[in-house]
Amino acid sequence: MRISVFGLGYVGCVSAACLAGMGHEVIGVDVNQVKVDLVNDGRAPVVEERIGELVAEGVRTGALRATRDVREAIMGSEVSLVCVGTPSEPNGSLCTTYLERVTEQIGAALAERAALAERGGQDGPTERGGRQTVVFRSTMLPGTCLNLLVPILEKSVGGTAGVDFGVAVNPEFLREGTSVRDFFDPPKTVIGELDRASGDAVAALYDALPGEVFRVPVPTAEAIKYADNAFHGLKIGFANELGAVCQALGVDSYQVMDVFLADRKLNISPAYLRPGFAFGGSCLPKDLRSLVHAAQRADVSVPILAHVLPSNSAHLQRAVELVERTGKRRAGLFGLSFKPGTDDLRESPLVELAETLLGKGYDLKIYDANVSLSRLLGANREYIETRLPHLAQLLADSVDEVLEHAEVCLVGTRDPAVLAALPHGAAPVIVDLIHLPDAEARRAEPGYVGLAW
């Protein structure tokens, strides 16, 4: 394929050189003449393992060259990868200045190419009548492509994205220092496609590469890069904080983490990594509090660990706010124990949710098939008598009793009897705390609200 790559920093230079190494014909574009001259001399403008030999080989074979001329690059390519920087503004917001500028330039060149095609000009891909696909590889927040960049392109071109030209988002997962290896052996390939043909053009670039390919809506592709990087930062911060606590307590942190990492069932796995309701129970809150307290006693600052429980409380408060926004006063709650299939109410987030709603004056009915006041014993009974002393009057004997009472229902259980009875439509309002099995279908219905989806 004939590809233009805009921006010859780490991402752009590596992408251009690796694509040329795969047999594509690549034109690199940069405003910096020094970078352009370096590439055309067969030298890489960045320091990276293997990048020098790839650039040299690409230039030697004629598969790679560079220019400052946007028009030349567009006329000589059918796919354009935008790899310009998106730095932070002083207030932390995303700077899209470079993205907007290069998008305008690409749009103007596409308009000229379209005019040549109308006149029957024979200039590059115009003679084939091929549709250009603009692929944004820069990291940008969800909504940037569709709400900012696509309108710029459409205005400049005088055409419609997905019809007159293609648009896609293709985030990179390249680590500086190993970016060439990461390009040829990616953890995944993500293609945010505006339309099927746009996605097909991007997929064709990486046909020979291993790894799973995900073709998703454009905003999803934009968000995935942020999910990855936020989690990477969280992992590093977590490991460092835990290491500092271990050191203060005289424990070998590397031994701890070796055992931690060996657990592929719960720790390094998909477990606990799906949006849902707040966590609770007799272990997680207690152990987090103890660990943070131990760190404080040892004068070790652990801001990540110290904010896990406040974050959990903020998530629970989101559910309360969703109920408040409905304006309804009669509420039903399905589920009360902290985990399905048990009657353990200790530090259950659903108990805290019920307590909060009662404190705000809501008329509440609760159904949990596993919870019977007469069967609660020991610490479990003591806990609930402290938090919900009038639980007997709140518990319903059936799902129907709650549905008949409630104007707004909060669903915190996957009990098959509850799922089967939940109505569709505007009444009662369904506040989904667990991502119901039919959540995607319900999202289009009036009266359905998801907690974090």
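Residues numbered from 1 in each chain as written. Predicted model: local features only at pLDDT ≥ 70, side-chain atom pairs only at ≥ 80, totals over all residues. Heavy atoms only, no water.

With that out of the way, let us pick up the pattern of salt bridges. The final tally for this structure, using the stated rule, is 26 salt bridges. Residue Asp-30 pairs with Lys-35 through a salt bridge whose shortest N-O separation is 4.0 Å. Using a relative accessible area of 9% as the deciding quantity, one classes Asp-30 as buried. One salt bridge in this structure joins Glu-193 and Arg-215, with 2.8 Å as the shortest N-O distance. (Salt bridge = Lys/Arg side-chain N within 4 Å of Asp/Glu carboxyl O. Buried < 20%, exposed > 50% of the residue type's maximum accessible area, 1.4 Å probe, protein only.)

Turning our eyes to something else, we now look at the sheet that holds strand E6 (residues 166–169). A sheet is described by the order of its strands in space; here eight strands give the open sequence E3-E2-E1-E4-E5-E6-E7-E8, paired in mixed fashion. Taken across any chain shown, the strands that pair with only one partner, and hence form the sheet edges, are strand E3 (64–67) and strand E8 (213–216). Strand-to-strand twist of the sheet, defined as the mean angle between neighbouring strand axes without regard to direction, takes the value 25 degrees. Bridge analysis of strand E5 (residues 133–136) against E6 gives four bridges, and the strand direction is parallel. Note on E6: the bridge partner recorded for Phe-136 is Val-169. On the sheet, helix H5 (residues 97–118) packs against strand E1 (2–6), strand E4 (79–82) and E5 and is oriented at approximately 170 degrees with respect to E5. (Pairing = 2+ DSSP bridges. Helix = DSSP H or I, 4+ residues; strand = E, 2+ residues; numbered from the N terminus. Axes fitted to C-alpha atoms, helices over the stretch in contact; angles between N-to-C directions. Contact = heavy atoms within 4.5 Å.)

Once that is clear, we can look at the nonpolar core. The biggest cluster of nonpolar side chains holds 49 residues, and the ones touching the most others in it are Leu-333, Phe-334, Leu-336, Leu-353, Ile-366, Leu-391 and Leu-433. In this structure Leu-336 touches Leu-345, Ser-348, Leu-350, Val-351, Ile-366, Asp-368, Val-371, Leu-388 and Leu-391, once residues within four positions along its chain are discounted. Grouped together as the second largest cluster of nonpolar side chains are 34 residues, Val-55, Ala-168, Ile-191 and Leu-209 included. (Core = buried A, V, L, I, M, F, W, Y, C linked by side-chain atoms within 4.5 Å.)

Under the definition given, this model contains three aromatic pairs. Taking 5.5 Å as the distance between ring centres and 80 degrees as the angle between the ring planes, the aromatic pair formed by Phe-183 and Phe-184 counts as edge-to-face. Overall, the relative accessible area of 3% leaves Phe-183 in the buried class. Among the aromatic side chains, those forming a connected cluster through ring pairs are Phe-183, Phe-184 and Tyr-206. One cation-aromatic arrangement involves Lys-188 over Phe-173; the distance from NZ or CZ to the ring centre is 4.2 Å. Sitting over the ring of Tyr-362, Arg-329 keeps its end group 4.0 Å from the ring centre. (Phe/Tyr/Trp six-rings, centres within 6.5 Å; stacked < 30°, edge-to-face > 60°. Lys NZ or Arg CZ within 6 Å of the ring centre and 35° of its normal.)

This paragraph deals with helix H8 (residues 196–205). Residues of H8 that are buried: Ser-198, Gly-199, Ala-201, Val-202 and Leu-205. End-on view of H8: buried residues confined to an arc of 155 degrees, all on one side of the axis. For H8, the side-chain oxygen to backbone nitrogen distance between the N-cap and Ala-197 is 3.3 Å, and the N-cap itself is Asp-195. (Arc of directions from axis to C-beta. Polar contact = N/O pair within 3.5 Å; in protein donor to acceptor, adjacent residues only side chain to side chain.)

Remark: helix H14 (residues 349–359) packs on helix H15 (residues 378–387), axes separated minimally by 10 Å, with the N-to-C direction vectors making an angle of 20 degrees. Taken as axis vectors, H14 and H15 run roughly parallel relative to one another. Note that H14 runs across H15; the crossing there is right-handed. Mapping the contact onto sequence places Val-351, Glu-352 and Glu-355 in H14 and Tyr-383, Ile-384 and Arg-387 in H15. Of the residues that constitute the contact of H14 with H15, the class distribution is three nonpolar, no polar and three charged. (Parallel < 35°, antiparallel > 145°, perpendicular 65-115°, else oblique. Left-handed = near helix turned anticlockwise from the far one by under 90°. Nonpolar A, V, L, I, M, F, W, Y, C, P; charged D, E, K, R; others polar.)

As a further point, take helix H6 (residues 144–157). Taking 1.5 Å per residue, 14 residues should reach 20 Å; H6 reaches 18 Å between its end C-alpha atoms and fits that length. The principal kink in H6, of about 30 degrees, is found at Val-150, preceding the proline Pro-151 by one to four residues. Every buried residue of H6 is accounted for by Thr-144, Cys-145, Leu-149, Val-150, Ile-152, Leu-153 and Val-157. Looking at the buried residues of H6, the elements they touch are H5, E5, E6 and helix H9 (218–248). Positive phi appears at Gly-158, one or two residues downstream of H6, with a value of about 75 degrees. (Expected span 1.5 Å × (residues − 1). Bend = angle between axes of the 7 residues up to and from the residue.)

Attention shifts here to the confidence of the model for the protein chain. Per-residue pLDDT for the protein chain averages 95, and the proportion of residues at 70 or more is 98%. Between residues 122–129, whose pLDDT stays under 50, and residues either more than four places distant or in other chains, the model counts 19 contacts. (pLDDT = per-residue confidence, 0-100.)

You can see Leu-433 is positioned in the loop between strand E12 (429–432) and helix H19 (439–442). Take Leu-433: its relative accessible area is 0%, and that puts it in the buried class. Sequence-wise, Leu-433 and Leu-273 are 160 residues apart; in three dimensions their C-alpha atoms are separated by 15 Å. Setting aside chain neighbours within four positions, we find Leu-433 in contact with Gly-276, Phe-277, Ala-319, Leu-350, Leu-353, Leu-410, Val-411, Gly-412, Leu-451 and Trp-453.

Further remarks concern the sheet that holds strand E13 (residues 448–450). Spatially, the five strands line up as an open sheet ordered E10-E9-E11-E12-E13, and their pairing is parallel. In this open sheet, the two edge strands, each paired with only one partner strand, are strand E10 (363–367) and E13. Across this sheet, the average inter-strand angle for adjacent strands is 20 degrees, counted without regard to direction. The strands touched by H14 are strand E9 (330–334), E10 and strand E11 (408–411); relative to E10, the strand with the most contacts, the crossing angle is about 160 degrees.

Mapped onto the elements, Asn-240 comes out in helix H9. Sequence separation between Asn-240 and Leu-376 is 136 residues, and the spatial gap between their C-alpha atoms is 41 Å.

Here the residue pair Ala-427 and Pro-428 is connected by a cis peptide bond, since its omega of -10 degrees sits within 30 degrees of zero. Examined against the element boundaries, Pro-428 turns out to sit in the loop between helix H18 (416–421) and E12.

This brings us to the packing of helix H1 (residues 10–21) against helix H3 (residues 51–61). In contact at an axis separation of 9 Å, H1 and H3 are set at 55 degrees when each is read in the N-to-C sense. Compared by their axis directions, H1 and H3 come out oblique. The way H1 lies across H3 gives a crossing that is left-handed. Every residue of H3 that contacts H1 at Cys-13, Val-14, Ala-17 and Cys-18 is listed here: Ile-51, Leu-54 and Val-55.

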